[in-house]
Amino acid sequence: MWIAELWRRLRVLLDRDRFERDLQEEMRIHLEFLASEHADRDAARRRFGNSTRLREESREIWNIGGSLWRDVRYGLRSLAKARSFTALAVFTLALGIGASTAVFSLVDAVLIKPLPYPHPDRVMIPWRLPPPRSDLGLDELPWGILDLRVFERTATLFEHIGAFKSDSFNLTGMGEPELLEGIRASAGFFRALGVEPALGRFYTNEEDSPGREREAILSDRLWRSRFAADPNILGRAVELNGFSYAVIGVMPPGFAFPRAAEMPGSFNFPREPQLWVPLALTPMPYPTQPSDLAVIGRVRPGVSTAQAQAQMDLCTAELDRRMPQAKGWFRGRVVSLEHQVAGGTRRPLLLMLIAVSVVLLIACSNVANLLLIRSLGRSREFSLRAALGAGRARLVGQLLTESLLLAALAGAGGLGIAAAGLDFAKRFGPPNIPRLAEASLNLDVFLFAFAASLLTGILFGFAPAIEASRHTLIETLKDGARGSSGSRSRLRSGLLIFQVALALVLAVASGLLTRSFRELVRVDPGFNPHSVLSFTLSLPSSRYSETSSITALFDTLLRHLRAVPGVESAGIGETVPMGGTGESTVVRIVEHAGDDPKQRPDAVYTIASPGYFAAVGTPLLRGRLLAESDTAETKPVTVISKSLAERFFVGENPIGKHLALGSPRFPPMEIVGIVADVKHLSLREGPAPEMYVPYTQKPYPSMLVMRVVVRTSAGPRAAAGYIREAVHASDRDLPVAELATLSSIVDQSLTQPRFAMLLVAGFGALAVALAAIGMYGVISYSVTRRTQEIGIRMALGAARSDVLRMILIQGARFAAAGITLGIAASFLVTPLIAAFLYGIRPADPVTFAGVSLLLAAVALLACYIPARRATRLDPTLALRHE
Amino acid sequence: MRDEIPPGTLYMLILKTLARRGEMHGFEIANAIQQISGEVLQVEEGSLYPALQRMLIKGWLTAQWGATRENRRARYYRLTRAGRKQLDAELAQYRRVSHAIFRVIEGA
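What counts and how
- Residues numbered from 1 in each chain as written.
- Chains lettered and ligands numbered in written order.
- Predicted model: local features only at pLDDT ≥ 70, side-chain atom pairs only at ≥ 80, totals over all residues.
- Helix = DSSP H or I, 4+ residues; strand = E, 2+ residues; numbered from the N terminus.
- Buried ≥ 20, exposed ≤ 12 C-beta atoms within 10 Å, placed from the backbone.
- Contact = placed C-beta atoms within 7 Å.
- Pairing = 2+ DSSP bridges.
- Axes fitted to C-alpha atoms, helices over the stretch in contact; angles between N-to-C directions.
- Core = buried A, V, L, I, M, F, W, Y, C linked by C-beta atoms within 7 Å.
- Parallel < 35°, antiparallel > 145°, perpendicular 65-115°, else oblique.
- Left-handed = near helix turned anticlockwise from the far one by under 90°.
- Nonpolar A, V, L, I, M, F, W, Y, C, P; charged D, E, K, R; others polar.
- Expected span 1.5 Å × (residues − 1).
- pLDDT = per-residue confidence, 0-100.
- Arc of directions from axis to C-beta.

**Q** Describe the overall build of chain A, listing the residues and the values that go with them.
**A** When helices and strands are counted, chain A shows 26 helices and 21 strands. Counting every position in chain A, which comprises 882 residues, the buried fraction comes to 43%. When contacts within chain A are restricted to residue pairs at least 6 apart in sequence, those whose partners lie at least 24 apart make up 83%.

**Q** So what about the overall build of chain B? Which residues, and what values?
**A** Looking only at helices and strands, chain B features 4 helices and 3 strands. Sequence separation of at least 24 residues holds for 49% of the intrachain contacts in chain B that already meet a minimum separation of 6.

**Q** Kindly report on the interface of chain A and chain B, identifying the contributing residues and their values.
**A** On the chain B side, the residues contacting the 17 residues of chain A number 14 residues. For the side of chain A that touches chain B, the secondary-structure elements that each account for two or more residues are helix H1 (2-14), helix H2 (16-38) and helix H4 (51-62) of chain A. If one sorts the elements of the side of chain A that touches chain B by residue count, H2(A) sits on top with 6 residues.

**Q** Quick rundown of the sheet that holds strand E3 (residues 73-79) of chain B? Include the residues and the values.
**A** Residues and elements named next belong to chain B. Spatially, E1-E3-E2 is the arrangement adopted by the 3 strands of the open sheet, whose pairing is antiparallel. What marks the edges here is a single partner per strand, and that holds for strand E1 (24-25) and strand E2 (61-67). When E2 meets E3, the two strands line up antiparallel, connected through 7 bridges. Following the sheet pairing, Trp65 is matched in E3 by Arg75. Across the sheet, helix H1 (residues 10-21) touches E1 and E3, and the angle it forms with E3 is around 95 degrees.

**Q** Explain the pairing of strand E19 (residues 690-694) of chain A residue by residue, including any values.
**A** Residue and element names in this part refer to chain A. In terms of burial, E19 is a largely internal element, 5 of the 5 residues being buried. Side-chain alternation along E19 places Glu690, Tyr692 and Pro694 on one buried face and Met691 and Val693 on a second face that is also buried. Sheet topology places strand E14 (residues 602-608) next to E19; 5 bridges connect them, and they run parallel. Paired with Tyr605 across the bridge in E19 is Met691. Relative to E19, strand E16 (residues 637-641) is paired through 2 bridges, and the arrangement is antiparallel. Note on E19: the bridge partner recorded for Val639 is Tyr692.

**Q** So what's going on with the environment of Ile840(A)? Residues and values would help.
**A** Residue and element names in this part refer to chain A. One can find Ile840 in the loop between helix H24 (800-829) and helix H25 (845-871). When the C-alpha atoms of Ile840 and Glu519 are compared, they prove to be 8.1 Å apart, with 321 residues separating the residues in sequence. Here Ile840 is in contact with Leu512, Arg515, Ser516 and Glu519, once residues within four sequence places are set aside.

**Q** Hey, could you go over the environment of Gly96(A) for me, with residue numbers and the actual values?
**A** All names here are of chain A. Secondary-structure assignment places Gly96 in helix H6 (residues 83-112). We classify Gly96 as buried; it has 30 C-beta atoms within 10 Å. The contacts of Gly96, once residues within four sequence positions are left out, are Val359, Leu360 and Ala363.

**Q** Go over the nonpolar core, please, and point to the residues and values.
**A** Residues and elements named next belong to chain A. Counting residues in hydrophobic clusters, the biggest one holds 167 residues, and the most contacted among them are Val359, Val500, Ala503 and Ala767. Dropping the residues within four chain positions of it, Val500 is found in contact with Ala771, Phe814, Ala815, Gly818, Ile819, Gly822, Leu855 and Ala859. Ranked by size, the runner-up nonpolar core spans 62 residues in total, among them Leu557, Ile674, Val675 and Tyr695.

**Q** Which residues make up the packing of helix H2 (residues 26-36) of chain B against helix H3 (residues 45-58) of chain B, and what are the values?
**A** Residue and element names in this part refer to chain B. Interaxial distance between H2 and H3 falls to 11 Å at its minimum, and their mutual angle equals 120 degrees. Comparing their axes, H3 and H2 come out oblique. Between H2 and H3 lies a crossing whose hand is right-handed. Along the contact surface, H2 presents Gly26, Ile29 and Ala30, while H3 presents Glu45, Leu48, Tyr49 and Leu52. Residue composition of the contact of H2 with H3, by class: 5 nonpolar, 1 polar and 1 charged.

**Q** Describe helix H4 (residues 81-107) of chain B, with residues and values.
**A** Taking 1.5 Å of rise per residue, 27 residues should cover 39 Å, and H4(B) covers 39 Å from first to last C-alpha, within 8% of that figure. Within H4(B), only 2 of the 27 residues are buried, which leaves it mostly out in the open.

**Q** Can you tell me about the pairing of strand E9 (residues 294-299) of chain A, naming the residues and giving the values?
**A** All names here are of chain A. In terms of burial, E9 is largely enclosed, as 6 of its 6 residues are buried. Neither face of E9 is open: one carries Ala294, Ile296 and Arg298, the other Val295, Gly297 and Val299, and all of them are buried. When strand E1 (residues 123-128) meets E9, the two strands line up antiparallel, connected through 2 bridges. Residue pairing in the sheet places Val123 in a bridge with Arg298 of E9.

**Q** Tell me about the confidence of the model for chain A, and please be specific about residues and values.
**A** Here chain A averages 83 in pLDDT, and 91% of its residues register 70 or above. Here residues 480-484 of chain A scores under 50 on pLDDT; set against residues more than four positions off or in separate chains, the count is 5 contacts.

**Q** Help me get a handle on the confidence of the model for chain B, residues and values and all.
**A** Summary statistics for chain B give a mean pLDDT of 87 and a share of 96% for residues scoring 70 or more. Note on the complex model: pTM 0.66, ipTM 0.85.

**Q** Any chance you could break down the environment of Arg70(A) for me, citing the residues and the numbers?
**A** By the element assignment, Arg70(A) lies in helix H5 (residues 68-81). Residues Arg70(A) and Gln398(A) lie 328 residues apart in sequence; the distance between their C-alpha atoms is 9.0 Å.

**Q** Please provide a residue-by-residue account of H2(B), values included.
**A** When H2(B) is considered as a whole, its buried residues turn out to be Gly26(B), Phe27(B), Ile29(B), Ala30(B) and Ile33(B). For H2(B), the buried positions fall inside an angular range of 165 degrees around the axis, keeping them on one side.

**Q** Report on unusual backbone geometry, specifying residues and quantitative values.
**A** All names here are of chain A. Here the amide bond leading from Phe257 into Pro258 is cis, since omega sits at -5 degrees, within 30 degrees of zero. Checked against the element boundaries, Pro258 lands in the loop between strand E7 (243-250) and strand E8 (275-278). In this structure, His119 takes a positive phi of about 45 degrees despite not being glycine. Mapped onto the elements of the fold, His119 is located in the loop between H6 and E1.

**Q** Give a description of the packing of H6(A) against helix H14 (residues 392-428) of chain A that names residues and reports values.
**A** Residues and elements named next belong to chain A. Axis separation between H6 and H14 bottoms out at 6 Å; the angle between their running directions is 45 degrees. The angle between the axes of H6 and H14 places the two elements in the oblique class. When the axes of H6 and H14 are compared, the crossing they make is right-handed. Classifying every residue of the contact of H6 with H14 by side-chain character gives 18 nonpolar, 7 polar and no charged.

Here you go:
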């Protein structure tokens, strides 16, 4: 009912002129009727009354909420008159609203918007966990075939279960060979996600078996980039890793599961998978094969995560019963896909949201103070309006309307700032924020900006409006238009102290993040990334099935590379630093025969060629490096990392001792050298024991996917050309994939902490600047109010320095109160960000002291400007000041 | 001697007049109320037009420009369905109250 009425009022509002004209015309006609009856025109007019008043009364009836329209127009006029105030207030608020809207749009994309799968809450990922207190440095373990089969049998509450792992595929036979990153997935993988292909079909369970698995599903991006979006692609044969695959489907745009950003780093999933092929797991009896699978499942409707976890525990119990010797290795945790995808970003994003809300709060209290100060200057206006009969509610309404107008202007500006901020985040933000590309200024975000503007308008407008309206006629008269009402100045001081305290908390947080980022950059990564290029070499298993053919290729390639002018060293390894971690294995130290088998080292096992360490820049600490003379015929050797030497050879020299792998088939290797510890996934990680084995002597596994490292004095662009030539000279069909400088790989790992640091530091700087503006406003207002008092003091002999000191002390009191409160609050708050810090405690005294001093200095500077103005006063003029 | 319209009854009078006569313009409404009441009730123009505006906003009336029999321009008002309902409600309430008042006065 009232909606229809509001609609009619709105229509009147939108077409005011017509309604005005109608009414005026109608009344004129009425007068004419009257006149024709009365003959006396004046009498008629008298009877009719004051037509202007009548029109105004009618107008009042049309208006929404009666006086709103008038208040808005009056508010606009009064804001337009106080231009600098309006500009400052709108700018301050727009920054606050814009920053929070931008952060909210990220939160919306990452945490709020549902995943693009049907019933995403039913998709779960069970992970296997390492045994408690194990020292693997991994949070999740891959599944093996056996444990997967047991899980499939016990997990009856799951509708579909699929397994998958990452793999790379050499696309050949159509122009330049290209290395594609893809996923080997079982047929249940797609059913668990609940997706449908945009074109074609998925493979069936029967097709997902060894010997029949030559079918491929392409990503929309691959289909467009390599196959020109060919609508007749289904059935076409493509050559992957030397085998012919039939294309049977194309996924819808945007589907790229699993992305590396959404999955644990140790699984080495591609940044964006481009194709999916059958996993084709071998049926019983299972061969010994490394555990390298991830599992995804869809539970039946209504099944909770806890129930799914209970089934995981059943599976654990069953596996423990079957393999008591490996008891403790089968624990698992079921995580919903939503949690998995948002995973590591949830906390940083919420942190950002809190930080940005603090900025918004400071902006609000700042504008509230500006309004309070402004309302003091308008007391005469309010008195006049009160004298003319405006009630308190009308005055509050008018002031609130003005605040809401300010907020609306700021909200519009804020949307612009948010759009720019989002664009900035997309361009310069870390690549591993999941779903960042999906973030946009959608309806949710608009609603957020609207709500934020409305809330802030009420928040900063309410207290000043109430305060101002308290200032009644009589009081103003009694006060002689001057008295500073006690409650009002208390409110101002309170707001100012609150601002300073909040700014200090944010500044401390950003100080901590900045210092921890500096620590992170200064970490010795165990290698030297400057002027090093690396690329991935992926060999088709069809042509490189023998180790001998692989090593022959490596020899040729390294010889070609080393012949290139400018190349200082070149090597091949399973991984490059910061490019992922290798497989780890439990090793036995032959000389420590009496050791408890449970205490044996678990070492990362990396295959490397001679020249690898020189190319990567990992320094040799003791003994020798791998050499050309280490061949398949000579005694097996290994080079170990510093942490392996220090942890497992306490007080003895590891050189000359022997390491043996788990299986007795492999001969023990003699330790010939010790190299520095290398960072594998992030600069934050602690050192892990590691061993390097020469590629000529490697006992396992195949070396089909290896990383080549080249240290060269030529520029990266020129070197890239030489590298391609060298690779093509060794094998014409091999693609050069993921060619990148090592420093760019290191840099990429720093983008997220750098982005977080820059963002929070930006918010911190904004908060400090806002607090400084607030301080400046309050002090300079107080100087103006005290002009006469200062004049008297100076007339009575106070020196300029006394006046300066007096004003500064007033400001210092505010600053000291705010800083004290802020330090107390920071002690409570900083432990929350401990997880984001590296090499620094949340209660870092240097940061706390430095930030407090900085804030005090900024606050005093903000006071100094008005204080100096006070000292320049001419006492004779000041005495006469009103 | 003409009397002022008792407070709160103006809407009802306008609604009833329109219900009886169909389409009317402002001057006709005022005149009709005056005539039917036997020249007792006089509608002030100062309250008639604001009341008409309010009733338009409430959706009880619609207004349309037209011509009188003498071919003069006038704005004609007409009752809507909501207006008819409102009239019934107001009439019922008025009867209840005036009956009660009558009983109080006569009973005394």
